[in-house]
Amino acid sequence: TLHVCDSPLVSSLPPSSFRSSSQLSTSHAPGFAKLNRRDGAGGWSPLISDRYQWLEVDLGERTKITAVATQGRYGSSDWLTSYLLMFSDTGHNWRQYRQEDSIGSFPGNSNADSVVHYKLQQPAIARFIRLIPLDWNPNGRIGLRLETYGCPYTSDVVSFDGGSSGLLYWLTSGLKRTSRDVVTLKFKALRNSGTLLQAEGQEGLSLGLELERGKLLLLLRQGRTSSTEPQRLVSLGSLLDDQHWHHVAVERRGSHLNLTVDKHTERVQIPADFISQKPVTSKKNFNGCLENLLYNGHNLIELAKNKKQQVTISGNVTFSCAEPVSVAVTFTGPESFLQLPGTTVSSSGGVSIGFQFRTWNKAGLLVTFELPQQGGVAWLYLSEARLRLQIHKSGVALNDGQWHSVELNSRRGRLTITVDKEERDSSQASLSFPVTIESHLFFGGCPVDDGSQKCRNPFNVFQGCMRLFTVDNQNMDLIKVQEKQLGNYSNLQIDMCGIIDRCSPSPCEHGGPCSQSWTVFHCNCSDSGYSGATCHSSVYEQSCEAYKHKGNTSGHFYIDVDGSGPIKPQLVYCNMTEENTWMVIQHNNTELTRLRPSPGVNQYSIHFDYSSEEEQLLAVIKQSEHCEQELSYHCKKSQGSPLSWWFGGPGTGRVQTYWGGAQPGSQQCACGLQGDCVDLQHYCNCDADRMEWTEDSGLLTHKDSLPVRSLVLGDIQRPGSEAVYRVGPLQCHGDRNFWNAAFFDKETSYLHFPTFHGELSADISFLFKTMASSGVFLENLGIKDFIRIELSSSTQVVFSFDVGNGPLEVRVESSFPLNDNRWHRVRAERNVKEASLRLDELPVATQEAPADGHFHLQLNSQLFIGGTASRQKGFRGCIRSLQLNGVTLDLEERAKITPGVQPGCPGHCSSYGSLCQNHGLCMERANGFHCDCSLSAYTGVFCQTEVSASFKSGTSVSYTFKEPYELSRNSSALPSSIYSDMTLRGENVSLSFRTNQSPALLLYVSSYYREYLAVLINKHVLRSKVRSLTNGQLHTVSIRRLTDSVSVQVRKTTQILPAPVPCLWILTHFLSPESDDLDADLSRLASLGFTGCLSVVHFNTISPLKEALLRPDSSPVIITGPLAQSNCGSALLCGKSMEHTEIIVAPCTLFQFFYKYCSPPFLLMCICILSRHLN
């Protein structure tokens, strides 16, 4: 009988069997993470939701695990969308479970209550299970309930200490020779070398199974001496000393031997007359554990435990597997590091550091530490797979701009170099190397025209200062050198040191470290979030709105609200699933939290810490058009006002006495304004002081009161009083700066603002659109200095300025016209090192500033936008989102009071309409646009999200078009907008599918006149570049007819065929058309049903699958069987890239076509077209 191994393993465990990285509260403890349970807060949630969290379950003993099921936290928005599974026997040395040896993550949940069950492809044997969240609901936090399934696991285990221990199995004399021998076992190695099995045959032949450098070798030895070099028959496995269990099977059939290690098998030839006669003891004994060692069905470990005479025990052998605890760490990428505390000085004054490592890489840092007494650093690192040690001492790091003395002495055959002899941290090195000087000494470099080759310099020349030269203890007089009385020189500044410090004060902004050479400085902006020569310009957008208009969809983004200003970037969540683009800022407790009376506590004060800093929060609120925050108070015998209040606004906030849904200063709740409180004598439901649960909930939308800083709840001390509160995340939408625009309709019109101050660094960014070929965007003049950005021609933008060194220009040339009435983005920056100009996504153009010239930009006139002080060469068109050093100029307000300039600038679809994909229509808004997906088979903010469904064999969807008028007068069904008696000149049909089923009917379309089209899959393929369309990969089919031609496209190859008559498609069936509409053969095929995925099904302007999934109650659809929306149509799930497929299509009768072209071994996909005129 087949043993069923699917019993629940977790549900009966005590809370002590659960551990986690952290917990949000005691009610979110890991012991509550049991499937379908509602105890505590309904599951486990960690304190912080990130990828460093984990939940661990101790099953009590090693167990066979066959499946795992997950569920979100009950009644919440907290669930996992993907996770990793780890297993262990000891609670240490975890092993990640991988599907098919590569895919490590498991799919999670899509809501809090449904259960996602996953059967392990290979059962796992372990005592401990650890689940590591990878992704979770972006609008919630990590939340989990789980169950694992399996059955008890029993085994016999023996351990060897690596010395002389072993088991010797003596074959019974006179045992009949068999043609087949089988040895199976599992092993866990503590060292990377050792002998697992060894047997001796006739005439000195022996076979050995040995572990060497983590690989398992099958060795054949000839001769009885151990010095005989063995023959390696096969090598299998790698890293087998990882202290995890590995399966080994050795099967001999005659002279053939199969060796299996884990899932890999090799077949080798051995001498035909080899017969194992007696065991051989190896000098390389195994250190580790063996499990279930079977020889031809005999359990050798059980025989040894029972002290049977066939098995002899030698050395220190124990029948358990006690493992040393060795905790390894994995460095997975460029950001990985491990920091450990340093050592203390031992009594001997020494320091000891030791570790083991393993890697495939040739290079990498192993350990580094400071040398505080020497003021230096030590590095131990790999280079070209060799270990190297480098000491960096302060006496050797000599490019710090300070004076350093150097002495070179050669005495008695030893060369000695001393650096900074008079300093405490002087350094000295010597070697046996006699030196004599018989020629000249060259300092700093060599003469250019030294034909004698007496001076060679393979290094860079020296740039810096030198002094106090001595030779043989005699001072060298440099004045005599200057007067040409001693030696020679070239290009020296004698009697001075012209060193300057270019990093003091630092020209690097936003914390970028400054370094320098003799001529230039360098700012390291890599970790600052800013770019440019001085780390001035932010690399991030200023709002979620800006990210959306670059084509991004929902996710976490860094936002820099003031661009190049002082406010740091912040990580926020951008929700782009709605027409408005929401910026979501979390705080430390967005959950429903219950409060009960506590002895001695008369008042609760709850403070909320936000993920953004104070200045970031206030800037976001100021910049946004609308902000809101949910405030909910659920009460039972607990009054709100005046015993409770909250603080909101800047700093620690101001006292607020109104509640969600009400207006500031009203001292009311939403029900008070609406007049529907449970007690009309009060303005809040909770003020009624009832024993039943009630609530006062709503949105706070007054920006001056946001964000909510703290809650003070005061009426929870009475017996029976309870309260539950929730303060949601801060959510804002609309970017006032991004859409702030003005339209200049004349060359003489302009806006003016106060003088622009950008003495050392300036960045200017804006968007423009125009139909003019030239015009000045911006100009500001000084006495001599100026700054200007202009459209010099229809394809060129010029950034010009003068800081006193003469005019400099930076130009960007576009290959396409810029006067196309589309938005184009300009970003200009000028600093003490360079000027740069970027247009749209074209390569940035730069112009270096003079190394030692003027660098202060001094302006004193008004700043002109859209024109110049001379009122010539003005700009005609729109300028939007103009920012100078991160500050947005309010063009709209100034335009309201300026003749010739209009506030705002409509018409965004010409620029952003291409973001609307898959037949989505761009719709104009006053500030921006949105994509109308009603005519698209897709959904999402850009109509980019596929609408897919997982089908089972009994699932069908029918979409009914309008019947002819005379047939539909008395019908009450919901009709579509197309009448069945319309004559269509053509149709466009497309769909994507993913299945392993063949044959299968994908699509059936029939007409009022009994014409139809069918798309079906068969097993074989003719002239195709792929083997099968039923390989579980995503495939796309497009069928287009226009009058007398039909085009069929599978993936990307199109073939055209003639169609003699039009096809009128009136009823579309997926997978299960009614049998009375079909021939019996096609009906039998349809009766098989379809198991797989259908996605983005489109017929002309109608998307029937989308209607069935998203609007089943308001669309003319009929759904039979289970239909579940899924992401199975996502191309990201496709394991291979799209390939081209050829198919043969020809007009014919259904049965002629079906039997001629659709029978094996011919077509993979059949397109069957039948017209009543062909019957």
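Worth saying up front: this structure is predicted, and the values here are computed from it rather than measured. (Residues numbered from 1 in each chain as written. Predicted model: local features only at pLDDT ≥ 70, side-chain atom pairs only at ≥ 80, totals over all residues. Heavy atoms only, no water.)

With that settled, the discussion passes to the sheet that holds strand β54 (residues 808–813). Strand order in the open sheet made by the six strands is β49-β58-β51-β52-β53-β54, with antiparallel pairing throughout. This sheet does not close on itself; its edge strands, each paired only once, are β49 (751–753) and β54. Taking the axes of each pair of neighbouring strands and ignoring which way they run, one obtains an average angle of 15 degrees across the sheet. Here strand β51 (residues 775–781) pairs with strand β52 (residues 786–793) via six bridges, running antiparallel. By the bridge assignment, Leu781 is partnered in β52 with Phe786. (Pairing = 2+ DSSP bridges. Helix = DSSP H or I, 4+ residues; strand = E, 2+ residues; numbered from the N terminus. Axes fitted to C-alpha atoms, helices over the stretch in contact; angles between N-to-C directions.)

Tallying each qualifying case throughout the model produces 15 disulfides. Here Cys525 is linked by a disulfide to Cys535, with a sulfur-sulfur distance of 2.0 Å. In this structure the cystine formed by Cys525 and Cys535 twists about its S-S bond by roughly -90 degrees; its chirality is therefore left-handed. Taken together, the residues Cys525 in the loop between β33 (521–523) and β34 (530–531) and Cys535 in the loop between β34 and β35 (537–538) connect sequence positions ten residues apart. Residue Cys535 is classed as buried on the basis of its relative accessible area of 0%. (Disulfide = S-S within 2.5 Å. Buried < 20%, exposed > 50% of the residue type's maximum accessible area, 1.4 Å probe, protein only.)

On to unusual backbone geometry, then. Note that the residue after Leu706, namely Pro707, is joined by a cis bond; omega there is 0 degrees. You can see Pro707 is positioned in the loop between β44 (694–700) and β45 (708–713). Put simply, Ser998 and Pro999 share a cis peptide bond, and its omega is 0 degrees. For Pro999, the position within the fold is in the loop between β68 (986–995) and β69 (1000–1006). Phi at Gln667 is positive, roughly 50 degrees, even though this residue is not glycine. One non-glycine residue, Asn885, lies in the positive phi region at around 50 degrees.

Checked against the element boundaries, Leu859 lands in the loop between β57 (845–848) and β58 (863–865). Separated by 104 residues in the primary sequence, Leu859 and Thr755 have C-alpha atoms spaced 6.9 Å apart. Ignoring anything within four residues of it in the chain, the contact list for Leu859 reads Thr755, Phe756, Asn780, Leu781, Gly782, Asp785, Phe786 and Ile787. (Contact = heavy atoms within 4.5 Å.)

Take the confidence of the model for the chain next. With 78% of its residues at a pLDDT of 70 or more, the chain has an overall mean of 79. In the predicted structure, residues 343–352 sits below a pLDDT of 50 and forms two contacts with residues beyond four places in sequence or in another chain. Every residue in residues 1134–1175 scores below 50 in pLDDT, and together they form 115 contacts with partners more than four places removed in sequence or on other chains. (pLDDT = per-residue confidence, 0-100.)

Turning to a nonpolar patch on the surface, a few remarks are in order. There is a patch of nonpolar side chains on the surface, built from Leu441, Phe443, Phe462, Met466, Val471, Met476, Leu478 and Leu486 and spanning about 650 Å² of accessible area. Along the chain, Met476 turns up in the loop between β31 (474–475) and α2 (478–482). (Patch = residues over 30% accessible without salt bridge, like charges linked within 9 Å, V, L, I, M, F, W, Y side chains within 5 Å. Areas by Shrake-Rupley, 256 points an atom, 1.4 Å probe, with all protein chains shown as cover. Salt bridge = Lys/Arg side-chain N within 4 Å of Asp/Glu carboxyl O.)

A few words now on the packing of aromatic side chains. The relative placement of two aromatic rings is captured by the distance of their centres and the angle of their planes. Evaluation of the coordinates by the stated rule reveals 21 aromatic pairs. Three or more aromatic residues joined by ring pairs form one cluster here, namely Tyr83, Phe87, Tyr97, Phe106 and Tyr118. Geometry around Phe753 places Arg894 over its ring, the cationic atom sitting 4.6 Å from the centre. (Phe/Tyr/Trp six-rings, centres within 6.5 Å; stacked < 30°, edge-to-face > 60°. Lys NZ or Arg CZ within 6 Å of the ring centre and 35° of its normal.)

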